[in-house]
Amino acid sequence: MAKRKSLIKIKPKKYKVGDIVRVDFIVIHPMETGLRKDKKTGKVIPMHYINDVQFFYNDRLITKMIVWESISTNPYFSINMKITEPGRVKVVYKDNLGEVNEKTKKVKPRKG
Amino acid sequence: MERRGFLKGFAGACALTAIAVPTISLAEQKKLKSPNEMDFKKALDIITGGKGAKDSQKVNLIVPEIAENGAVVPVKVSVDAPMEKDNYVKSIHVLATKNANARCADVFLTPYNGKAYFATRIKLGGTQEVVAVAELGDGTFVKAHKSVKVTIGGCG
């Protein structure tokens, strides 16, 4: 199972309990549509795209996405999230060939 | 060169000029059908359950008016509606009217999001409209649409 590079960013960097922050998730993935041909061999490049992304906050599902091949290469997904407690954000993503990967990031709200 | 290849799939017959051997290209083009292919009307029917969606000011859709590269078009959707425990925006859908598969993303939200917002980047096969549909807490659907001009000389 190929290991993919991915990244979670929480913006702004400094936040308190009760704030609404933005969570950005980027993953390096080809997102092939199945409509493209290899220039050298002339063969059709088979479909390969992420079809399911789930955002968890302390093991509680906060957002579920069903995505299709019309999302750009190296997809970027951004949602809002309300900070209620320290913990972690986990993103689980699957693609149409059965690859399942996940990425986590710690949530550390500032006091006061 | 990637975007040329991508456009060919959508461009159909006008891609003939770009391919070196025109005799096989027609047959090949027919094969290049996406199994997920779905037109816009059918996709909207499935999402709304046949109810249809009304245009509304509540949905803010931000897309560039002119996209130089159809392979990367940033889309931002936010919905002006409360996100309370029993009354929250249940889902946001992003659709492209003329892509082979009109559906781009279906996002299912929960009250923990705090605000109904979603951003991503999509591919567009040509000049067309991008539509954002949102399901509100009372089960009604609202939408917003904007046209995006894609300025690639994909068809010569």
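A brief look at the structure comes next.

Tallying the contact residues gives 38 residues for chain B and 35 residues for chain A. Counting each side, the surface lost to burial between chain B and chain A is near 3,200 Å², with a carbon and sulfur contribution of 53%. The interface formed by chain B and chain A holds zero salt bridges in total. Linking chain B with chain A are 22 residue pairs in polar contact (both at pLDDT 80 or more), by the criterion used here. When contributions to the side of chain B that touches chain A are tallied by element, the ones reaching two or more residues are helix H1 (2-11), strand S6 (103-109) and strand S7 (116-122) of chain B. The element best represented in the side of chain B that touches chain A is S6(B), accounting for seven residues. Note that strand S4 (residues 60-67) of chain A and S6(B) share five bridges and pair antiparallel. Note on S6(B): the bridge partner recorded for Met65(A) is Val107(B).

Residues and elements named next belong to chain A. Summarising the sheet, strand S1 (residues 6-11) and strand S2 (residues 20-27) pair through six bridges and their orientation is antiparallel. Residue pairing for S2: Ile-10 is matched across the bridge by Val-23. Both S2 and strand S5 (residues 76-82) contribute to a ladder of seven bridges, which runs antiparallel. The partner of Ile-20 across the bridge, within S5, is Lys-82.

As a further point, take the pattern of salt bridges. All names here are of chain A. Within this structure, the stated rule accounts for six salt bridges over all chains. For Asp-24, the salt bridge identified is with Lys-11, shortest N-O distance 3.8 Å. Taken together, the positions of Asp-24 in strand S2 and Lys-11 in strand S1 put the pair 13 residues apart, joining distant regions of the chain. When its relative accessible area of 5% is taken as the criterion, Asp-24 is described as buried. Of the residues examined, Lys-11 reaches a relative accessible area of 34% and is grouped as partly exposed. The salt bridge partner of Arg-36 is Glu-32, with a shortest N-O separation of 2.8 Å.

This part takes up the packing of aromatic side chains. All names here are of chain A. By the definition in use, this model includes two aromatic pairs over all chains. Ring centres 6.3 Å apart and planes at 85° place the aromatic pair Phe-25 and Phe-55 in the edge-to-face group. With Phe-25 in strand S2 and Phe-55 in strand S3 (residues 50-57), the pair connects residues that are 30 residues apart, well separated along the chain. A single burial state applies to Phe-25 and to Phe-55, both of which are buried. Taken together, Phe-25, Phe-55 and Tyr-93 form an aromatic cluster joined through their ring pairs.

Conventions used here
- Residues numbered from 1 in each chain as written.
- Chains lettered and ligands numbered in written order.
- Predicted model: local features only at pLDDT ≥ 70, side-chain atom pairs only at ≥ 80, totals over all residues.
- Heavy atoms only, no water.
- Contact = heavy atoms within 4.5 Å.
- Buried area = accessible area lost by both parts, 1.4 Å probe.
- Salt bridge = Lys/Arg side-chain N within 4 Å of Asp/Glu carboxyl O.
- Polar contact = N/O pair within 3.5 Å; in protein donor to acceptor, adjacent residues only side chain to side chain.
- Helix = DSSP H or I, 4+ residues; strand = E, 2+ residues; numbered from the N terminus.
- Pairing = 2+ DSSP bridges.
- Buried < 20%, exposed > 50% of the residue type's maximum accessible area, 1.4 Å probe, protein only.
- Phe/Tyr/Trp six-rings, centres within 6.5 Å; stacked < 30°, edge-to-face > 60°.

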